[in-house]
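Understanding the architecture of this molecule
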Amino acid sequence: MTDPVPTDGGTPEPTDRELTAASAVFGDRLDLARGFVAHLATSGIERGLLGPREVPRLWGRHVLNCAVVAELMDIDASVVDVGSGAGLPGLAIAIARPDLRLELVEPLERRVTWLNEVVDDLALGNVTVHRARAEEMLGTLHGDYVTARAVSALSTLAGWTIPLTRPGGQVLAIKGRSAGEEIEKARKVIRKLGGGTAEIVTVGAEVLEEPTTVVRIRVRPV
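1. With respect to helix 7 (residues 179–192)
Look at helix 7: 20 Å from first C-alpha to last across 14 residues, which is about the 20 Å you get at 1.5 Å a residue. For helix 7, the principal kink sits at A186 and spans about 55 degrees. Buried within helix 7 are the following residues: A179, E182, I183, A186 and I190. Packed against the buried residues of helix 7 are helix 6 (154–161), strand 5 (165–175), strand 6 (195–203) and strand 7 (212–219). Just downstream of helix 7, G194 is the residue with a positive phi angle, here 100 degrees.

2. Observations regarding the pairing of strand 1 (residues 78–82)
Most of strand 1 is tucked away, with 5 of its 5 residues classed as buried. The alternating pattern of strand 1 places S78, V80 and V82 on one face and V79 and D81 on the opposite face, and all of these are buried. Note that strand 1 and strand 2 (residues 101–106) share 5 bridges and pair parallel. What sits directly across from V80, in strand 2, is E103. With helix 4 (residues 90–96) bridging strand 1 and its parallel neighbour strand 2, the resulting β-α-β unit is right-handed.

3. Some thoughts on the side chain of E106
By the element assignment, E106 lies in strand 2. Dropping the residues within four chain positions of it, E106 is found in contact with G83, S84, G85, R111, V112, L115, H130, R131 and A132.

4. Description of the side chain of R216
Within the secondary structure layout, R216 lies in strand 7. Dropping the residues within four chain positions of it, R216 is found in contact with L72, Q170, V171, L172, T197, A198, E199 and V201.

What counts and how
- Residues numbered from 1 in each chain as written.
- Predicted model: local features only at pLDDT ≥ 70, side-chain atom pairs only at ≥ 80, totals over all residues.
- Heavy atoms only, no water.
- Helix = DSSP H or I, 4+ residues; strand = E, 2+ residues; numbered from the N terminus.
- Expected span 1.5 Å × (residues − 1).
- Bend = angle between axes of the 7 residues up to and from the residue.
- Buried < 20%, exposed > 50% of the residue type's maximum accessible area, 1.4 Å probe, protein only.
- Contact = heavy atoms within 4.5 Å.
- Pairing = 2+ DSSP bridges.
- Right-handed = clockwise from strand over helix to strand, strands pointing away.

Here it is as structure tokens:
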């Protein structure tokens, strides 16, 4: 396996295993994924959306880690991504699944500006970026799925995501090893907000060295 080597002064190439995974996940849109990684590795670092130490891990730890969440989504679904930041997971999902409609919600202007630049450069017609806090979009946006990554603890995140989820839809929160503990602490809040049982699911096991951990909350139908 080769190490990721910057090819143009800052953009890392995927390792052999990551390239195999990326080809499976992105298919004929792999060049768009490369373009996204290039933005992350250059202007994303320059503007403080990610730390420079993350550059060698952009493919495996970030872009692929997020893109595989699309495995859990139905065809032609609508997705609201809360706290989009560096486009993770929102832009990664949008590149992997052009059939999905992505609404990215991000409150910080500099991040919104960067997201719009990337969306325009990659011509991602299935993405709209909103400068707002999640709670400001209540009554305006609803998604079949609402996603989030590294935004807040589940007990707080539930209050931002469940109200934006259509009845019968799902919250898909990318989490780490503390997922089980977070679910225990958030159970009462989730139930109060109309969420059903929260469960831990893993995705990407077929292609990723380390599968992605997702907390899935099914929102009760009306």
